[in-house]
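Summary of the model geometry
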Amino acid sequence: MLNAILTGEKGFGTPFWGFWDTLSASVPHPLPPTIVRDDEHLLVAAARASDAASFEELVNRYEGKILRLTRNITGNHEDAMQDAFLRAYAHLKDFHEDSRFYTWLVRIAANEALMRLRKRRPNQFSLDEPVEGDNDLMPRELEDWGPTPEQKYAQTEIQSIVGELIDRLEPEYRIVFLLRDFEELSTQETAEALGISVPAVKSRLLRVRLMLREKLHRHYRQGAPN
Amino acid sequence: MNCKGVIRELSNYIDGDLDPVVKQELERHLEHCEDCTMIVDQTKKTIEILCGSQPVSLSTDVRSRLHAKLRDKTGQKPT
């Protein structure tokens, strides 16, 4: 079935018996974005009909992004990513294609990661806390950056800076930034994924964007994270 | 609109989520306020830089463990 989908063949062809050969491969097989978009609903439909190879292909496509998300939320590591895919597989029949498959997957992964974070840091953060007013929002650091960060730093240095800045955010801001800006969920989708209101998402998003601008600004001007 | 109003609407402006009248007021302010223009540009740039990172490459070990768990879940056996 997977081969039929990937080659654009209509209908459900012969079973894909090489599933576990695919699993043992160490490198995923990324496909051009157009193919990802065009055939994803077929893969999802096949996976829902218990075609494990099709689910495997979906995992191959998104495992790197989901690992990045769960690492960014929890500060490490692979368990949340693994459990997100296992949970997704177990609940595939609950996915009714009223959103993108990836959006659905991101929601599951975010919840897995948040659950771990809450266990590790009970009572230390809450997404339900009231959102602060806007009296202290005015940026304090105002200075032209001159050459852009891309001109000043090598790409690897920028990646390292980005990781440090995101790690230093409070979880209730980090998660909103990651879902809304990093994973490009809509404001509504982010609110639904986190179980908070749209105004709460917007308020936290504004704050975190301003925080990050200021942190990047300081790093950029002083050469050290804040 | 004053500077505080621009900051309050900054996210909505960047996301293209502003009422046209409010957007026009904000852009009129930007025409003569260098500080706000700088903040808007730097915030856009910040998002662009921070969100440009690549997905993580899974190590062979991590990948093997993930797929072994999936194999258990799906009840499939290696061929």
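Residues numbered from 1 in each chain as written. Chains lettered and ligands numbered in written order. Predicted model: local features only at pLDDT ≥ 70, side-chain atom pairs only at ≥ 80, totals over all residues.

On to the overall build of chain A. Secondary structure assignment for chain A yields eleven helices and zero strands. Across the 226 residues in chain A, those meeting the buried criterion constitute 38%. Residue pairs in contact within chain A that sit at least 24 positions apart in sequence constitute 69% of those at least 6 positions apart. (Helix = DSSP H or I, 4+ residues; strand = E, 2+ residues; numbered from the N terminus. Buried ≥ 20, exposed ≤ 12 C-beta atoms within 10 Å, placed from the backbone. Contact = placed C-beta atoms within 7 Å.)

Moving on: the environment of Glu 189 of chain A. Residues and elements named next belong to chain A. Take Glu 189: it is sitting in helix H10 (residues 187-194). Given 20 C-beta atoms within a 10 Å radius, Glu 189 is considered buried. C-alpha separation for the pair Glu 189 and Val 201, spaced twelve residues apart in sequence, amounts to 10.0 Å. Each residue touching Glu 189, except ones within four places of it in the same chain, is listed here: Ser 99 and Thr 103.

Glancing now at the packing of helix H4 (residues 52-74) of chain A against helix H5 (residues 78-90) of chain A. Residue and element names in this part refer to chain A. In contact at an axis separation of 8 Å, H4 and H5 are set at 140° when each is read in the N-to-C sense. The angle between the axes of H4 and H5 places the two elements in the oblique class. In this structure, H4 meets H5 at a crossing whose hand is right-handed. Listed contacts from H5 to Phe 55, Val 59, Ile 66, Leu 67, Thr 70 and Thr 74 of H4 are Glu 78, Ala 80, Met 81, Ala 84, Phe 85 and Tyr 89. Looking at side-chain class alone, the contact of H4 with H5 contains nine nonpolar, two polar and one charged residues. (Axes fitted to C-alpha atoms, helices over the stretch in contact; angles between N-to-C directions. Parallel < 35°, antiparallel > 145°, perpendicular 65-115°, else oblique. Left-handed = near helix turned anticlockwise from the far one by under 90°. Nonpolar A, V, L, I, M, F, W, Y, C, P; charged D, E, K, R; others polar.)

Moving on to the confidence of the model for chain B. Chain-level statistics for chain B give a pLDDT mean of 86 and a share of 89% at 70 or above. Scored as a complex, the prediction yields pTM 0.74 and ipTM 0.83. (pLDDT = per-residue confidence, 0-100.)

Another aspect to go through is the nonpolar core. Residues and elements named next belong to chain A. In terms of nonpolar packing, the biggest core is built from 61 residues, with Ala 84, Leu 105, Ala 109 and Ala 110 touching the most fellow members. In terms of residue count, the dominant contributor to this core is H4 (ten residues). Both domain 1 (2-19 + 28-120) and domain 2 (149-222) contribute no fewer than three residues apiece to this core. (Core = buried A, V, L, I, M, F, W, Y, C linked by C-beta atoms within 7 Å. Domains from an automatic or database assignment.)

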